[in-house]
Amino acid sequence: MLTKNEVDSAIIHGVFFAEIASVMMQVFWFKRTGRRIFRMGPSTTLRAQGLGGAKIIVRFWIVSIVLALTALASLKLR
């Protein structure tokens, strides 16, 4: 917020925001209706689909790197 790059910060932290957003939606919807939107969290879903923990972490790293490069590119365009 000090550097006025809130949007870029959201892009850089996209994986973490996605995790937080899914938890917030899940809690809100469960309190409101008593039912769940998702059966389980994003990383647990990937693990249930047969991916190992190391593969999940590497994929999250790759997505984070791509998002960070996107944010850096948007800084250069200004």
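Residues numbered from 1 in each chain as written. Predicted model: local features only at pLDDT ≥ 70, side-chain atom pairs only at ≥ 80, totals over all residues. Heavy atoms only, no water.

Undergrad: I'm lost on the overall build of the protein chain in this one. Help?
TA: The helix and strand inventory of the protein chain stands at four helices and zero strands. In the protein chain, the order of α-helices and β-strands from amino to carboxyl end is α-α-α-α. For 78 residues, the compact-globule estimate of 2.2 N^0.38 gives 12 Å, and the C-alpha radius of gyration of the protein chain, at 16 Å, exceeds that figure by more than 25%. Counting only residues that meet the buried cut, the protein chain has 10% of its 78 residues in that class. (Helix = DSSP H or I, 4+ residues; strand = E, 2+ residues; numbered from the N terminus. Rg over C-alpha atoms; globule rule 2.2 N^0.38 Å. Buried < 20%, exposed > 50% of the residue type's maximum accessible area, 1.4 Å probe, protein only.)

Undergrad: Looking at this structure, how should I read the side chain of serine 22?
TA: Relative to the helices and strands, serine 22 resides in helix α2 (residues 14–33). Leave out the neighbours within four places in its chain, and serine 22 touches Phe38 and Pro42. (Contact = heavy atoms within 4.5 Å.)

Undergrad: Quick question: what am I supposed to make of the environment of leucine 72 here?
TA: Tracing the chain through its elements places leucine 72 in helix α4 (residues 53–77). Relative accessible area serves as the criterion here: at 47%, leucine 72 is assigned to the partly exposed category. Considering only alpha carbons, one finds leucine 72 and aspartate 8, 64 residues apart in sequence, at a separation of 7.8 Å.

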